[in-house]
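Next come the chains, spelled out residue by residue.
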Amino acid sequence: MTARPNIVLVHGAWADGSSWSAVIERLQASGYHVTAPQFPMTAIADDVARLRQVLDFQDGPTVVAGHSYGGQIMTSLGTDAPNVAGLVYIAAFGIDQGESLGALLSQGPVTPALAHLFTDKQGFGWLSEDDFVHHFAADVDPGKAEAMYAVQQALAGSAFTDVMGVPAWKSLPSWYLVATEDQAIPPDAERLFASRMGATTVEVPSSHVAMVSHPDEVTQLIETAAAAVSAAG
């Protein structure tokens, strides 16, 4: 029997590694080696460097799953993605070469979760409490959503203007979970990302933070990807 791949989980903006806790518990119970590092959110180059650091000490093939801006981080691995055997996007950005997050987001009206995004003196963007609790994490228990709000990691403004090079999904098999009730990334944008990358796609009636409110479905998709890359290997 082929050994199971490692799993690396990449959190998004306004979140941290603890957002994956329920998924981590499920994957570990199934026997997977899981790593969910903290990302600095200071620049895309810094975030990619952290992902490479973690990938470097994985022993063997690895499936990388990213949520939201975490998709931007893993996509930015480009053609040099050592140990990576597959990518799983959880309501995540999967942009193409020459695109940027800011240009993409400007194509439509501001989503409810980002309606009152504000930038501090250091140039980092933060979500307001109301938008976070009632839109970003709309289907999460309010007490838990408040705790998530308290630990949010601000995102450097440069993340919105950085232009994507050759995306990693061009050369790696991909899976995508569309959160149909997402109020941060429009679900139709998620469907577009999934379609362009030829991803195996599932749709879940979830808010933006599907790994918190629907950990069973998220875990199932990651395990589906892990099984597929094991069979291919």
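Report follows, based on the coordinates. Predicted model only: the values in this text are computed from it and were never measured.

Turning next to the packing of helix H1 (residues 21–29) against helix H9 (residues 215–232). Packed helices, taken two at a time, are described by the angle between their axes plus the distance between the axes. It is at 9 Å that the axes of H1 and H9 come closest, and there the two elements cross at 50 degrees. It follows that H1 is oblique to H9 by the angle criterion. Seen along the crossing, H1 lies across H9 with a hand that is right-handed. Together, Ala-22, Val-23, Arg-26 and Leu-27 of H1 and Pro-215, Asp-216, Val-218, Thr-219, Ile-222 and Glu-223 of H9 make up the contact between the two elements. Looking at the contact of H1 with H9 residue by residue, the classes come out as 6 nonpolar, 1 polar and 3 charged.

It is worth spelling out unusual backbone geometry at this point. The backbone phi angle of Ser-68 is positive, close to 55 degrees, even though this residue is not glycine. Position of Ser-68 relative to the elements: it lies in the loop between strand E3 (62–67) and helix H3 (69–75). Despite not being glycine, Ala-91 shows a phi value in the positive range, around 45 degrees. Residue position: Ala-91 is located in the loop between strand E4 (84–90) and helix H4 (101–105).

Inspection of the entire model under this criterion finds 6 salt bridges. Taking the shortest distance from any N to any O, the salt bridge between Asp-188 and Arg-191 comes out at 2.7 Å. Residue Asp-188 and its partner Arg-191 are both found in helix H7 (residues 187–196); the two are separated by 3 residues, about one turn of the helix. For Asp-188, a relative accessible area of 58% puts it in the exposed group. Put simply, Glu-203 and Arg-191 hold a salt bridge, and the shortest N to O gap is 2.7 Å. Note that Glu-203 is positioned in strand E9 (residues 200–204) and Arg-191 in helix H7, a separation of 12 residues in sequence. On the accessibility criterion, Glu-203 (43% relative accessible area) is partly exposed. Taking relative accessible area as the criterion, Arg-191 reaches 31% and is therefore assigned partly exposed. Through salt bridges that share partners, Asp-188, Arg-191 and Glu-203 make up one connected network.

Two numbers describe a pair of aromatic rings. These are the distance of the centres and the angle of the planes. By the definition in use, this model includes 5 aromatic pairs. A ring pair is formed by Trp-14 and Phe-136, whose centres lie 6.4 Å apart and whose planes are at 85 degrees; its orientation type is edge-to-face. Taken together, the residues span a long stretch of sequence, with Trp-14 in the loop between strand E1 (6–10) and H1 and Phe-136 in helix H5 (residues 129–136) at a distance of 122 residues. This pair shows no difference in class: Trp-14 is buried, exactly as Phe-136 is. Ring centres of Tyr-89 and Tyr-176 lie 5.9 Å apart, and the angle between their planes is 5 degrees; this geometry places the pair in the stacked category. One end of the pair, Tyr-89, is in strand E4; the other, Tyr-176, is in strand E8 (residues 174–179), and 87 residues separate them in sequence. For Tyr-176, a relative accessible area of 0% gives the class buried. Aromatic rings pair up to connect Trp-14, Phe-132, Phe-136 and Tyr-149 into one cluster.

What follows is about the sheet that holds E4. Each strand in a sheet pairs with its neighbour through backbone hydrogen bonds, running either in the same direction (parallel) or in the opposite one (antiparallel). The sheet built from 6 strands is open, its strands ordered E2-E1-E3-E4-E8-E9 with parallel pairing. Looking at strand neighbours, the two that pair on one side only are strand E2 (34–35) and E9, the edges of this open sheet. Sheet topology places E1 next to E3; 5 bridges connect them, and they run parallel. The partner of Ile-7 across the bridge, within E3, is Val-63. Sitting on the sheet, helix H2 (residues 44–56) touches E1, E2, E3 and E4, and the angle it makes with E1 is about 165 degrees. Against the sheet, H7 touches E8 and E9, its axis set at about 170 degrees to E8.

Trp-20, Leu-51 and Ile-222 are the most contacted members of the largest nonpolar core, which has 76 residues in total. Of the residues forming this core, the biggest block, 6 residues, is contributed by H9. Residues in contact with Leu-51, not counting those within four places in the same chain, are Val-8, Val-10, Phe-39, Val-64, Ile-73, Met-74 and Leu-77.

About the criteria used
- Residues numbered from 1 in each chain as written.
- Predicted model: local features only at pLDDT ≥ 70, side-chain atom pairs only at ≥ 80, totals over all residues.
- Heavy atoms only, no water.
- Axes fitted to C-alpha atoms, helices over the stretch in contact; angles between N-to-C directions.
- Helix = DSSP H or I, 4+ residues; strand = E, 2+ residues; numbered from the N terminus.
- Parallel < 35°, antiparallel > 145°, perpendicular 65-115°, else oblique.
- Left-handed = near helix turned anticlockwise from the far one by under 90°.
- Contact = heavy atoms within 4.5 Å.
- Nonpolar A, V, L, I, M, F, W, Y, C, P; charged D, E, K, R; others polar.
- Salt bridge = Lys/Arg side-chain N within 4 Å of Asp/Glu carboxyl O.
- Buried < 20%, exposed > 50% of the residue type's maximum accessible area, 1.4 Å probe, protein only.
- Phe/Tyr/Trp six-rings, centres within 6.5 Å; stacked < 30°, edge-to-face > 60°.
- Pairing = 2+ DSSP bridges.
- Core = buried A, V, L, I, M, F, W, Y, C linked by side-chain atoms within 4.5 Å.

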